[in-house]
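Structure at a glance
Here are the chains, one letter per residue:
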Amino acid sequence: MSAIDSSDAAALDGLDREVTLDIGGQVDYRFGPGTTVFLRAVTEVTGEHDGSEATLGVRQPLPLGNVPVFLGAGVTWQSGELSQYAYGVLPTDTGFAAYAPGDVTIPYLNIGTSIPLSDNLSLVGNLRAEFLPDAIRDSPIVDEDIAVGAIVGLSFRF
């Protein structure tokens, strides 16, 4: 999910971003008819930006027949290191003036599903919209107010 063009876009020549690895954890609290509140925290461990993020969210299932559908909402805090790497311009980037959004808070809404294929395997999908704050929208490489992303994949439980 990104509010910037593909890193291969000609308009972003001079920006260098690598794939990174985050490690973290999540705690959930379930109450009522399927409502889940969660807190997730991760930090980057490959040394590319050393940033962190934390998300506080809520998820509620919708009774729509045989396909489980979930609605979610929440807010994600990103450290200045992560927001600059994701949305800003690093001092080592060429073609743009350096820009650092600083610590940011990004509200989001999402809808998703998880369809069991077996006892341990599920097909998952999610559509998420993030409502970018001014500090991100002011970046010279961001041209959207809302970042929309989709994920489709398989989940395996051990």
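For the structure, check the block above.
We now turn to the structure provided with this report. (Residues numbered from 1 in each chain as written. Predicted model: local features only at pLDDT ≥ 70, side-chain atom pairs only at ≥ 80, totals over all residues. Heavy atoms only, no water.)

1. Quick notes on the overall build of the chain
Scanning the chain from terminus to terminus reveals 2 helices and 7 strands. Beginning at the N terminus, the succession of helices and strands in the chain can be written as β-β-β-β-α-β-β-α-β. In terms of overall dimensions, the chain has C-alpha extents of about 50 × 30 × 25 Å along its principal axes. Classification of the 158 residues of the chain by burial places 30% in the buried group. A separation of at least 24 residues holds for 52% of the contacts in the chain among residues at least 6 apart in sequence. Only carbon and sulfur atoms are counted for the fraction: they give 58% of the accessible area of the chain, which is about 9500 Å². Across the chain, 7 positive and 21 negative side-chain charges occur, with their mean positions spaced 14 Å apart. (Helix = DSSP H or I, 4+ residues; strand = E, 2+ residues; numbered from the N terminus. Buried < 20%, exposed > 50% of the residue type's maximum accessible area, 1.4 Å probe, protein only. Contact = heavy atoms within 4.5 Å. Areas by Shrake-Rupley, 256 points an atom, 1.4 Å probe, with all protein chains shown as cover. Lys, Arg positive; Asp, Glu negative; His and termini not counted. Charge placed at Lys NZ, Arg CZ, Asp CG, Glu CD.)

2. Describing a nonpolar patch on the surface
Taken together, the side chains of Leu71, Leu109, Ile111, Leu127, Phe131, Ile146 and Val148 make up a nonpolar region of the molecular surface, amounting to roughly 570 Å² of accessible area. For the nonpolar patch, the elements supplying multiple residues, two or more each, are strand S5 (104-116), strand S6 (121-131) and strand S7 (146-156). Mapping Leu109 onto the fold places it in strand S5. Take Leu109: its relative accessible area is 46%, and that puts it in the partly exposed class. (Patch = residues over 30% accessible without salt bridge, like charges linked within 9 Å, V, L, I, M, F, W, Y side chains within 5 Å. Salt bridge = Lys/Arg side-chain N within 4 Å of Asp/Glu carboxyl O.)

3. Regarding the environment of Pro107
In this fold, Pro107 is placed in strand S5. Overall, Pro107 belongs to the partly exposed group, its relative accessible area being 36%. As for Pro107 and Val75, which are separated by 32 residues in sequence, their C-alpha atoms are 4.2 Å apart. Among all residues touching Pro107, those that are not within four sequence positions of it are Gly74, Val75, Ala129, Glu130 and Phe131.

4. Some remarks on the sheet that holds S5
Strand order in this open sheet of 7 strands is S1-S2-S3-S4-S5-S6-S7, and the pairing throughout is antiparallel. One side of each edge strand has no neighbouring strand; the edge strands of this open sheet are strand S1 (22-31) and S7. Here the average twist between neighbouring strands, direction ignored, is 20°. Direction of pairing for strand S3 (residues 52-62) relative to strand S4 (residues 69-78): antiparallel, over a ladder of 10 bridges. Bridging across to S4, Ala54 finds its partner in Trp77. (Pairing = 2+ DSSP bridges. Axes fitted to C-alpha atoms, helices over the stretch in contact; angles between N-to-C directions.)

5. Thoughts on the environment of Thr113
Inspection of the secondary structure assignment puts Thr113 in strand S5. The class of Thr113 is partly exposed, set by a relative accessible area of 22%. Separated by 46 residues in sequence, Thr113 and Val67 have C-alpha atoms that sit 7.4 Å apart. A polar atom in the side chain of Thr113 sits 2.4 Å from the backbone oxygen of Pro68. (Polar contact = N/O pair within 3.5 Å; in protein donor to acceptor, adjacent residues only side chain to side chain.)

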